[in-house]
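Listed below, chain by chain, are the residues.
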Amino acid sequence: LYRGATVFTLTDGENSGIAEGFVLVSEEGVVEAVGKGDPLEAPGVRARHGQADWRTVDLAGKIILPGFVSGHSHLWQSAFRGLAPAGELHPWLQALHWTYGAVFADGDFAAFTLHGAFDQLRHGVTTTYNHSQWLGRSYARYREQWEAEMTTPQWFVFAWVNERDASVETWRERLRPILAELKPAPQTRFLGMSINPRGLYGGASPDILAREIALARELGLTVQLHYLEPSAEAAADRANWPKLREAAVLGRNVSFAHFIPVDPTILAETSKVGNAMIWNPLSNGRLGSGLPDILGYQAAGLRVGMGVDGQASADISDPFENVRLGLYALRMRQQNAGGLQPIDMLRRHTLRTAEVLGVDRWVGSLEPGKFADFLVIDPQRPATGPVWDAAATIVFACSSQNLTAVYIGGKEAVVNGKATGENENLTEDVERRILRIRKQAGASASR
């Protein structure tokens with residue numbers, strides 16, 4: 001029993017938090033009850049327990065918040081922060097993917113993915129969408145991203161990349177053993193499979209995207225595309241929309257990462273059928289990609305989630321910074337403080353994103369039957385002053401430094417900045433691998 005904190009469930013309609021609230025967690029790591037007062041008076045609790053037979057943790061003065069959900073991430077990029085600081089998307093891609101990707105070796109993807117996953121955990125991201133990428137020119141090396149994530153405490157959805165020139169049957173064969181690992185949670189941290197389609201990039205045949213989307217629907221998977229990101233290419237990207245429509249991207253199982261300079265036709269068509277977009281304020285700002293019209297999307301009915309993107313394009317996987325920057329940027333655009341409020345941003349980076357990813361039956365809010373994934377926030381470590389409005393304090397004044405603990409499935413995953421299960425030699429291993437990669441790629445130490 002965790003009690004005494006201000007508890008945000010982030011369910012619809014709950015906007016101010018539960019002062020001196022409680023969260024009762026089962027031995028299986030599932031939320032049994034959330035509320036205020038005597039837990040035995042919560043629905044069904046007395047029938048299950050009869051009396052208060054639980055261990056009590058006093059969290060007076062703290063804030064409990066559901067774990068953040070990132071709807072778009074590239075975990076392996078955690079080892080490549082700070083590259084191309086003056087570059088927009090394509091110069092940045094040149095500095096990262098096309099300079100270093102060809103010299104990846106065995107174990108690199110695994111080490112870098114672990115580095116990214118534990119980094120997200122320390123910042124309060126308990127569930128992530130790992131938008132994997134094909135580098136290193138080896139199927140075994142590519143699979144390291146999934147295999148590494150399976151060993152962490154973090155829940156994840158894995159976005160699979162098909163080998164572009166292979167047949168659909170080969171795609172199925174590659175996917176079959178991975179899909180077999182989709183056991184009912186919590187037997188595995190693997191909550192879902194998605195497709196990161198190859199059919200949009202590098203001069204791919206126009207029918208590849210259609211085959212990938214058809215396969216995803218056959219297997220009951222979601223799809224997420226990078227689309228409408230750099231402003232300089234907006235006109236060309238919008239001109240490609242008829243091809244995407246012909247490939248059957250319209251549908252609730254397809255989301256778009258970034259989706260910034262849309263036009264009224266694209267917005268209307270995607271909103272009508274239930275498509276979604278993932279908003280990435282940190283990386284959109286870092287790469288100069290632009291600010292999506294979130295209020296306009298919301299008014300049109302488009303579903304919107306949030307992501308911290310890759311740590312090489314956002315550089316810090318801190319959802320506290322993500323919601324703050326996103327809200328401030330919208331207010332600068334509209335030149336007033338109306339519209340979205342702190343509580344809306346917190347719900348968007350948790351429950352709304354879980355809904356977009358199709359994992360909201362497990363995560364995204366603190367409700368009976370869902371996993372007990374929550375953050376313990378201490379606004380006095382470091383001190384932020386008296387708390388007048390808890391949601392505003394989290395968004396306006398707190399950062400991941402205020403996290404005292406991160407719980408996943410009722411178990412401590414991070415305590416005072418230390419992640420459980422992280423190899424103490426991981427940082428040194430990543431640094432050795434990066435040194436080798438830089439030498440092989442001919443990069444200078446100052447690049």
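Our subject is the structure that appears above.
Remember, predicted model here, so these are calculated numbers, not experimental data.

Caption draft 1: Local environment of the overall build of the protein chain. A tally of helices and strands in the protein chain yields 16 helices and 17 strands. The burial tally for the protein chain puts 58% of its 447 residues in the buried class. Within the protein chain, residue pairs in contact and separated by at least 24 positions form 73% of the contacts whose partners lie at least 6 positions apart. When the accessible surface of the protein chain is split by element, carbon and sulfur atoms take 52% of a total near 17600 Å². In the protein chain, which carries 44 positive and 49 negative side-chain charges, the distance between the mean positions of the two groups comes to 3 Å.

Caption draft 2: Seen up close, the pattern of salt bridges. Taken as a whole and judged by the stated rule, the model has 21 salt bridges. Residue Arg172 pairs with Glu218 through a salt bridge whose shortest N-O separation is 3.0 Å. With Arg172 in helix H6 (residues 168-179) and Glu218 in helix H7 (residues 206-219), this pair connects stretches of sequence that are 46 residues apart. By relative accessible area, Glu218 is classed as partly exposed at 47%. Here Glu321 ties to Arg324 by a salt bridge, and the two come within 3.3 Å at their closest N and O atoms. With a gap of three residues between them, Glu321 and Arg324 both fall in helix H13 (residues 319-334), about one helical turn apart.

Caption draft 3: Seen up close, the sheet that holds strand S10 (residues 222-227). The eight strands are arranged S6-S7-S8-S9-S10-S11-S12-S13 in an open sheet whose pairing can be described as parallel. Both outer strands of the open sheet, strand S6 (68-73) and strand S13 (303-306), are each paired with one neighbouring strand and no more. Geometrically, the sheet is characterised by an average inter-axis angle of 25° between neighbouring strands, direction not taken into account. The pairing of strand S11 (residues 254-258) with strand S12 (residues 276-279) spans three bridges and is classified as parallel. Bridging across to S12, Ser255 finds its partner in Ala276.

Caption draft 4: Region of interest: the side chain of Asp119. Checked against the element boundaries, Asp119 lands in helix H4 (residues 108-122). Look at Asp119 and you get buried, because its relative accessible area is 7%. Sequence-distant contacts of Asp119, defined by excluding residues within four places in its chain, comprise Ser78, Arg81, Gln311 and Ser317.

Caption draft 5: Summary view of the environment of Trp279. Structurally, Trp279 can be placed in strand S12. A C-alpha to C-alpha distance of 30 Å links Trp279 and Arg137, two positions 142 residues apart in sequence. Every residue in contact with Trp279, bar those within four places of it in the chain, is listed here: Asn284, Leu291, Pro292, Ile294, Val304, Gly305, Met306, Gly307, Gly326, Leu327, Leu330 and Met345.

Rules used throughout
Residues numbered from 1 in each chain as written. Predicted model: local features only at pLDDT ≥ 70, side-chain atom pairs only at ≥ 80, totals over all residues. Heavy atoms only, no water. Helix = DSSP H or I, 4+ residues; strand = E, 2+ residues; numbered from the N terminus. Buried < 20%, exposed > 50% of the residue type's maximum accessible area, 1.4 Å probe, protein only. Contact = heavy atoms within 4.5 Å. Areas by Shrake-Rupley, 256 points an atom, 1.4 Å probe, with all protein chains shown as cover. Lys, Arg positive; Asp, Glu negative; His and termini not counted. Charge placed at Lys NZ, Arg CZ, Asp CG, Glu CD. Salt bridge = Lys/Arg side-chain N within 4 Å of Asp/Glu carboxyl O. Pairing = 2+ DSSP bridges. Axes fitted to C-alpha atoms, helices over the stretch in contact; angles between N-to-C directions.

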